[in-house]
Amino acid sequence: MVSGPTTIDRAPRSRLRGMLEPAVISSASILTLFALLLFFTWGRWGHLIVDTYRDPWVVFELLSGKVLYRDIFYEYGFLPPYCLSMVARVFGDNIATFVSCGVAVTLLTASALYLASRRFLTPAVSALVALTFLAVFAFGRYTPNGIFNFIFPYSFASTFCAMFVTWGFHFFLRYLEANRTAHLYLWGLCVVLSLLSRVAIPAAVAACYGFIILVRLARHRDRRSLFMLLALLLALAVTALAYVAFLELTEATRGFHNSIVRHILFQRTSVFNRLISGTDDISRSALFMGVSLASHLVTVVVLAAGASLSLGGEGRDRPRRGRRVVGVMLMAGAVGWSVYWPLGFLQYRCLPAVLAMGALHSLYRVWRSSEPDRALASLALYLVPLVM
């Protein structure tokens, strides 16, 4: 007896294809923009001496036998320069080696941003987050108010730190979502690596994680919160032991105190750092923050008005051509105003206030929401950039 043709269930394959296609398109768009930006900016990443030569010089000194902190004044952690020196020892101490490291760090950071954004956003919008990072920050020297880049950066310690903090943020969100121990271990590892790259900023990020974990512990009182707290304390202990061991082996404790500890305690802060942080004139900085916040609010309102005029429903609800033109002009004007605002990078002084308001709202949702872990993820989304 011959049986009839069997019917193959294609539903799982269709679902898999539906999940893979957005990810493939998003990844392709990110790689395409990165390749284009790298091609059009190749070899033009700032002044070789003023903007980019400090870290290569540190690596050259390490390869010649000198010791960090003891013989070389350095304000950041010991992990980036020694990693770069190991790579330079294998592939040669030349600019191409450092650029290759910058390319790798940039791609890894963009990937982490995309994956972390997927916890909140669609694949297309998450890709837009990564694309914004590439266009505005990774190749920031070519924006109207940008002076730095990730490819051949002013500070590899900063780009290493940003990469590890971003991946740590991703694994923290994944652990809140999936409760997998591997994500907890990877998050703790990223905390250690970020602290070994820089000290002050990752320490503030770790404090944010501690606060979020304590909030969760007060909300849930379960073993999972205790495991998270223990993982964070273990990461801090491992970092402290790594620094102590390095300083004892290299006899560089005094240099570490002069270069890093005094910097953290504001005993040695440059005029540029005081200008950027706004501590040079508190009242003027508060005024700038208010003006900046008002400007951004106006920009958002104008963008919304332009979108409302240029977009519409179907049939009779569709806007006329004149309204569309006005809407597009409003949106273009809002974007142009935000990009070419006269205060330059000072326009971003309002971001701490915006992030703080978002953090307070997320904290309120932790106690009111039926999904407190989702609200905790939003709290981390606001607090981590706030302290960075």
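Everything discussed here concerns the structure shown above.
Residues numbered from 1 in each chain as written. Predicted model: local features only at pLDDT ≥ 70, side-chain atom pairs only at ≥ 80, totals over all residues. Heavy atoms only, no water.

Trainee: Mind laying out the overall build of the protein chain, listing which residues take part and the relevant values?
Mentor: When you go through the protein chain residue by residue, the secondary structure sums to 15 helices and zero strands. When contacts within the protein chain are restricted to residue pairs at least 6 apart in sequence, those whose partners lie at least 24 apart make up 69%. Counting every atom, the protein chain has about 22,000 Å² of accessible surface; 68% of that belongs to carbon and sulfur. (Helix = DSSP H or I, 4+ residues; strand = E, 2+ residues; numbered from the N terminus. Contact = heavy atoms within 4.5 Å. Areas by Shrake-Rupley, 256 points an atom, 1.4 Å probe, with all protein chains shown as cover.)

Trainee: Report on the packing of helix 6 (residues 156-178) against helix 7 (residues 181-197), specifying residues and quantitative values.
Mentor: How two helices pack is summed up by the angle between their axes together with the distance between the axes. At a minimum axis separation of 8 Å, helix 6 and helix 7 run at an interaxial angle of 160°. One way to sum up the angle between helix 6 and helix 7 is to call them roughly antiparallel. The element helix 6 and its partner helix 7 pack so that their crossing is left-handed. Contacts from A157, F160, C161, F164, V165, W167, G168, F171, F172, R174, Y175 and A178 in helix 6 reach T181, H183, L184, L186, W187, C190, L193, S194 and S197 in helix 7. Looking at the contact of helix 6 with helix 7 residue by residue, the classes come out as 15 nonpolar, five polar and one charged. (Axes fitted to C-alpha atoms, helices over the stretch in contact; angles between N-to-C directions. Parallel < 35°, antiparallel > 145°, perpendicular 65-115°, else oblique. Left-handed = near helix turned anticlockwise from the far one by under 90°. Nonpolar A, V, L, I, M, F, W, Y, C, P; charged D, E, K, R; others polar.)

Trainee: Mind laying out the packing of aromatic side chains, listing which residues take part and the relevant values?
Mentor: Throughout the structure, instances matching the rule amount to 19 aromatic pairs. Taking the centre distance of 4.7 Å and the plane angle of 45° together, the rings of F172 and Y209 count as tilted. On the criterion of sequence distance, the pair formed by F172 in helix 6 and Y209 in helix 8 (residues 200-220) is long-range, its members being 37 residues apart. An aromatic cluster of three or more residues is present, and its members are Y53, F60, F98, F156, F160 and F164. Positioned above the aromatic ring of Y154, the side-chain terminus of R54 is 4.9 Å from the ring centre. Just above the ring of Y175 sits the side chain of R224; from NZ or CZ to the centre is 5.0 Å. (Phe/Tyr/Trp six-rings, centres within 6.5 Å; stacked < 30°, edge-to-face > 60°. Lys NZ or Arg CZ within 6 Å of the ring centre and 35° of its normal.)

Trainee: Any chance you could break down helix 9 (residues 223-250) for me, citing the residues and the numbers?
Mentor: With 28 residues, helix 9 extends 40 Å from end C-alpha to end C-alpha; this agrees with the ideal 40 Å at 1.5 Å per step. Considering only its buried residues, helix 9 is in contact with helix 3 (79-91), helix 6, helix 7, helix 8, helix 10 (253-264) and helix 15 (372-387). Of the residues one or two after helix 9, E251 is the one with positive phi, at around 55°. (Expected span 1.5 Å × (residues − 1).)

Trainee: Just give me the short version of unusual backbone geometry, but keep the residues and values in it.
Mentor: The backbone of Y69 sits at a positive phi, close to 75°, despite the residue not being glycine. Its location among the elements puts Y69 in the loop between helix 2 (54-63) and helix 3. Classification of Y69 by relative accessible area gives buried; the value is 4%. Even without being a glycine, N179 presents a positive backbone phi close to 60°. Among the structural elements, N179 can be located in the loop between helix 6 and helix 7. Residue classification places N179 among the partly exposed residues on the basis of a relative accessible area of 43%. (Buried < 20%, exposed > 50% of the residue type's maximum accessible area, 1.4 Å probe, protein only.)

Trainee: Got a sec to walk through the packing of helix 7 against helix 9? Specific residues and values, please.
Mentor: The geometry of helix 7 relative to helix 9 is characterised by a closest axis approach of 9 Å and an angle of 35° between their N-to-C directions. Helix-helix and strand crossings are classified by hand; for helix 7 and helix 9 the assignment is right-handed. Residues L184, W187, G188, V191, V192, L195 and L196 of helix 7 lie in contact with helix 9, whose contacting residues are F227, M228, A231, L232, A235, L236, V238, T239, A242 and Y243. The class makeup of the residues in the contact of helix 7 with helix 9 is 15 nonpolar, two polar and no charged.

Trainee: Lay out the environment of L214 with the relevant residues and their values.
Mentor: Considering the arrangement of structural elements, one finds L214 in helix 8. The partly exposed category is assigned to L214, whose relative accessible area is 48%. Sequence separation of L214 and L229 is 15 residues, and the distance between their C-alpha atoms is 7.8 Å.

Trainee: How would you explain the nonpolar core if you had to name every residue and give the values?
Mentor: Formed by 83 residues in total, the largest nonpolar core has its most connected members in I30, L68, Y69, I151, F172, W187 and Y209. Looking at which element gives the most residues to this core, the answer is helix 6, with 15 residues. Those residues in contact with F172, other than ones at most four positions away along the chain, are W187, Y209, I212, M228 and A380. (Core = buried A, V, L, I, M, F, W, Y, C linked by side-chain atoms within 4.5 Å.)

Trainee: Can you lay out helix 14 (residues 351-368) for me, pointing to particular residues and giving the numbers?
Mentor: Its 18 residues place the ends of helix 14 26 Å apart at the C-alpha level, agreeing with the 26 Å of an ideal helix rising 1.5 Å per residue. For helix 14, the complete set of buried residues consists of L355, G358, A359, S362 and V366. The buried residues of helix 14 all sit within an arc of 105° when viewed along its axis, so they share a single face. Away from the buried face of helix 14 by more than 90 degrees, exposed residues L360, H361, Y364 and R368 are located. In this structure, the buried residues of helix 14 make contact with helix 8 and helix 15. (Arc of directions from axis to C-beta.)

Trainee: Which residues make up the pattern of salt bridges, and what are the values?
Mentor: When the charged atoms of two side chains with opposite charge come close together, those side chains can pair. Per the stated rule, a full pass over the model turns up eight salt bridges. Where R119 meets E177, a salt bridge forms, and the shortest distance between an N and an O atom there is 3.2 Å. In this pair, R119 is assigned in the loop between helix 4 (95-117) and helix 5 (123-138) and E177 in helix 6, connecting sequence segments 58 residues apart. One salt-bridge network, held together by shared partners, links R216, D222, R224 and D373. (Salt bridge = Lys/Arg side-chain N within 4 Å of Asp/Glu carboxyl O.)

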